[in-house]
Amino acid sequence: MALNLRQKQTECIIRMLNLNQPLKQSGTANEEVYKILIYDKFCQNILSPLIHVKDLRKHGVTLYFLIDKDRKTVRDVPAVYFVQPTHSNIHRIISDASQALYDTFHLNFSSSIPRPLLEDLASGTLKSGSVEKVSKVYDQYLEFVTLEDNLFSLAQQNTYVQLNDPKAVEKDIEAIIERVVNGLFCVLVTLGVVPVIRCPSGGGPAEMVASLLDQKLRDHLLSKNNMFAEGGGFMSSFQRPLLCIFDRNFELSVGIQHDFRYRPLVHDVLGLKLNRLNVQGEKGGMKSFELDSSDPFWSANSSLEFPEVAVEIETQLNKYKRDVEEVNKRTGGGSGAEFDGTDLIGNTKHLMNAVNSLPELTERKQVIDKHTNIATALLGQIKERSIDAFTKKESDMMMRGGIDRAELMAALKGKGTKMDKLRFAIMYLISTETINQSEVESVEAALNEAGADTSAFQYVKKIKSLNVSLAASASSASRSNIVDWAEKLYGQSISAVTAGVKNLLSSDQQLAVTRTVEALTEGKPNPEFDSYLLLDPRAPKPSSGGGSHVKGPFREAMVFMIGGGNYVEYGSLQELTQRQLTVKNVIYGATEILTGSELVEQLGLLGKKMGLGGPVASSSSSGH
């Protein structure tokens, strides 16, 4: 059975809400206990996409509060705490217990509580004479946000800036790597699997995370009460997942480019956050919508191009109208025929059917209205900013390895926000194999004229001039190999692709990450990926390099992007499972999920740290 992260994390949360008691078939604990839920901001974000107020009520939670808010005493009621293990949270818990705010305290930490903090908790409750109030302390290993069945974020903001900061010292980098590893470890504990790990070698962040995660899993597997015991059956490669770890610089372009598919558009343009977004209503005022697996239209159409989504909304609306008409006809409401009472039983039957179909029709209409609102808001932005033109030009640039100068300048002087133009200019830099100095100067002048902060552009230019390959699509492959792949993937003649050979595989048709994951899950010898690190925490540690007795193929894959992921990559990996036979399920995660603008803001911060670019921009808005 495919791994489902959303389901697994939800099960853990429900068990926690039921005081970590075994659950009945109905999904609730044996005894109904009314309780209070206390969480911090981070854990509120974990709960938000998974648990709604009605779910809290179902599991006996009558009140819920943020831990740092002032709260009144509630006698004879147990409190479930779900918080990160931090100094401030521990001190607040000690304070709450000493004031006997609640009857008993069930403490759940989002990740493993460090020993010094546990000792602080013990000594603090002992001193205040409230130690008997603390019923249980649990490490929940839930320190990540699940947005869809196969999508998660560690909600660790600005990791890209922190890892690429020229002023960062080794200690800072190690702390960030450790935080990432702890987050990934929580995901693996929740899934109950020990994966085989692959990543590019070369000492970058991906290798650092992979090595530390491998060591953490090895150490954990040695302990008697390890949390992977139940996963012991996952021994063959067809059952154990492959975890592929990458760093954002592996393919920077995909994090910056504009995209015309529904899910990435909603995220990029309307600011989808924790599966929620706000849209301007027709009569003014903001409307709030939720987009997740409970929305059938979103589940079915979020990977389609925007024009196809608009057609689908129209189709669904017409189908709804036909079904309403059908109900009216059957109940005599719209047929125009007089009711003479001769078919009383038949008519009553139709009325019953109509009444039964009303909730379903109402729900369908709500979904159609919601997506009509969202599509209208998107269309307004697309027209105003020419997002479709930016998407097409960027895609063409990546395919051809450049762009006509007149077309480039026209786009920079045409419609679009400062950020749209900045993203387009950075895509131009990434896609061209050799930098034309006078052309770059013209681009910079156009950006300045538009009032854009050029720090991010200057940063990418600097990195590019240092010969760091950003596209990374052809890292170690020979030219002929790429042309072979091009023929297979695109069915194009060799002459059509050799011009932009370097960036060919970074086009939206086949992202470098997707292509790499496809090759790694097949597990066949491949000169491009044989240099990748291979670590198996269940295998005896080899004397040098990585190693595993499990070579593949792999049915399940997990892909993790350090420095920020996006919905474009997520969509591409989900499509991979549809079009080939080996890998059947791919879970995608990242340190945070970023829009193109948010990643460019992080690039801009790095530019400023290096003393490049224009005036100071606003601080980076973060992903989730």
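Refer to the structure above for everything that follows.
Quick caveat, the model's predicted, so the values are computed rather than measured. (Residues numbered from 1 in each chain as written. Predicted model: local features only at pLDDT ≥ 70, side-chain atom pairs only at ≥ 80, totals over all residues. Heavy atoms only, no water.)

Peer 1: What is the right way to look at unusual backbone geometry in this model?
Peer 2: Keep in mind that most residues, glycine aside, have a negative phi and that most peptide bonds are trans. At Leu19, a position not held by glycine, the phi torsion is positive, near 55°. As for its position among the elements, Leu19 is in the loop between α1 (5-17) and β1 (35-39). Judged by relative accessible area, Leu19 falls into the buried class, the value being 12%. In this structure, Tyr141 takes a positive phi of about 50° despite not being glycine. Residue placement: Tyr141 occurs in the loop between β5 (134-139) and β6 (145-148). (Helix = DSSP H or I, 4+ residues; strand = E, 2+ residues; numbered from the N terminus. Buried < 20%, exposed > 50% of the residue type's maximum accessible area, 1.4 Å probe, protein only.)

Peer 1: Hey, could you run me through the nonpolar core in this one?
Peer 2: The tendency in soluble globular proteins is for nonpolar side chains to be buried side by side. Grouped together as the largest cluster of nonpolar side chains are 76 residues, with contacts concentrated most on Ile374 and Leu378. A total of seven residues in this core trace back to one element, the largest contributor, which is helix α12 (residues 344-385). In contact with Ile374, not counting residues within four places along its chain, are Tyr262, Val266, Leu270, Leu277, Val279, Phe289 and Leu291. Phe152, Leu163, Val209 and Ala210 belong to the second largest nonpolar core, which has 37 residues in total. (Core = buried A, V, L, I, M, F, W, Y, C linked by side-chain atoms within 4.5 Å. Contact = heavy atoms within 4.5 Å.)

Peer 1: Honestly, the pairing of strand β9 (residues 242-247) in this entry has me stumped. Any pointers?
Peer 2: Each regular strand displays side chains that alternate between the two surfaces of the sheet. Judged by how many residues are buried, β9 sits mostly within the fold: six of six residues are covered. Pairing between strand β8 (residues 196-199) and β9: three bridges, direction parallel. Each bridged residue has a counterpart across the sheet, and for Val196 the counterpart in β9 is Leu242. Relative to strand β13 (residues 556-562), β9 is paired through six bridges, and the arrangement is parallel. Looking at β13, one finds that Ile245 is bridged to Phe560. (Pairing = 2+ DSSP bridges.)

Peer 1: When you look at the packing of aromatic side chains in this model, what are you seeing that I'm missing?
Peer 2: In this description, an aromatic ring pair is defined by two values, namely the gap between the centres and the angle between the planes. Scanning the entire structure with this criterion turns up 13 aromatic pairs. Among the aromatic residues, those joined into a cluster by ring pairs are Tyr81, Tyr102 and Phe105. (Phe/Tyr/Trp six-rings, centres within 6.5 Å; stacked < 30°, edge-to-face > 60°.)

Peer 1: What is the right way to read helix α11 (residues 306-330) from this model?
Peer 2: Along an α-helix, a turn takes 3.6 residues, which lines up residues three or four apart on a common side. Over its 25 residues, α11 runs 36 Å from end to end, which matches the ideal 36 Å to within 8%, given 1.5 Å per residue. Listed in full, the buried residues belonging to α11 are Phe306, Val309, Ile313, Tyr320 and Val327. (Expected span 1.5 Å × (residues − 1).)

Peer 1: Sorry, what's going on with empty space enclosed by the protein here?
Peer 2: If a probe as big as a water molecule is rolled over the atoms, it shows which places are left empty. Under the criterion given, the structure shown has three cavities of 30 Å³ or more. In this structure, the largest cavity spans a volume of roughly 120 Å³. If you trace the largest cavity, you find 17 residues lining it, with Gln257, Asp268, Asn566, Val568 and Gly596 closest to the centre. Those elements that place two or more of their residues in the lining of the largest cavity are α9 (262-270) and α21 (567-579). Counting residues per element, the lining of the largest cavity draws most heavily on α9, which supplies four residues. Class assignment of the residues belonging to the lining of the largest cavity gives a composition of seven nonpolar, seven polar and three charged. (1 Å grid on protein atoms, 1.4 Å probe; cavity = no way out; pocket = protein on both sides within 12 Å on 5 of 7 lines; lining within 4 Å. Points joined across faces, edges and corners; volume = space filled by probe spheres on them. Nonpolar A, V, L, I, M, F, W, Y, C, P; charged D, E, K, R; others polar.)

Peer 1: Sorry if this is basic, but what is going on with the environment of Leu603 here?
Peer 2: Tracing the backbone through its elements, the reader meets Leu603 in helix α22 (residues 596-609). Linking Leu603 and Asn164, residues 439 residues apart in sequence, is a C-alpha distance of 9.3 Å.

Peer 1: Would you explain the pattern of salt bridges in this entry?
Peer 2: Think of it this way: side chains of opposite charge can pair up when their charged atoms draw near. The final tally for this structure, using the stated rule, is 25 salt bridges. Here Asp165 ties to Lys609 by a salt bridge, and the two come within 3.4 Å at their closest N and O atoms. Of the two residues, Asp165 is situated in the loop between α6 (159-164) and α7 (170-191) and Lys609 in helix α22; the sequence distance between them amounts to 444 residues. Exposure remark for Asp165: the relative accessible area of 16% places this residue in the buried category. Overall, the relative accessible area of 35% leaves Lys609 in the partly exposed class. With a closest N to O distance of 2.8 Å, Glu444 and Lys461 form a salt bridge. Of this pair, Glu444 sits in helix α16 (residues 437-449) while Lys461 is found in helix α17 (residues 455-465), placing the two residues 17 residues apart along the sequence. An identical accessibility class is assigned to Glu444 and Lys461; each is buried. It is possible to trace a salt-bridge network through shared partners that takes in Asp70, Arg71, Arg92 and Asp96. (Salt bridge = Lys/Arg side-chain N within 4 Å of Asp/Glu carboxyl O.)

Peer 1: Please clarify how the packing of helix α13 (residues 387-400) against helix α15 (residues 418-431) should be interpreted in this entry.
Peer 2: Two quantities define a packed helix pair, namely the angle between the axes and the distance from one axis to the other. In the contact formed by α13 and α15, the axes pass within 9 Å of each other and the chain directions differ by 10°. As judged from the angle between their axes, α13 and α15 are roughly parallel. Where α13 approaches α15, its residues Phe390, Lys393, Glu394, Met397 and Met398 are matched on the opposing element by Asp420, Lys421, Arg423, Phe424, Met427, Tyr428, Ile430 and Ser431. Of the residues assigned to the contact of α13 with α15, the class counts are seven nonpolar, one polar and five charged. (Axes fitted to C-alpha atoms, helices over the stretch in contact; angles between N-to-C directions. Parallel < 35°, antiparallel > 145°, perpendicular 65-115°, else oblique.)

Peer 1: What exactly am I supposed to notice about the sheet that holds β13 here?
Peer 2: The strands making up a sheet associate through hydrogen bonds between their backbones, and the pairing can be parallel or antiparallel. The strand order across the open sheet formed by seven strands is β6-β7-β14-β13-β9-β8-β12, and the pairing between neighbours is mixed. Two strands close off the open sheet at either side, each with one partner strand: β6 and β12 (533-535). Across the sheet, the axes of successive neighbouring strands diverge by a mean angle of 20°, strand direction being ignored. Across six bridges, β13 lies against strand β14 (residues 585-590) in parallel orientation. The partner of Met561 across the bridge, within β14, is Ala590.

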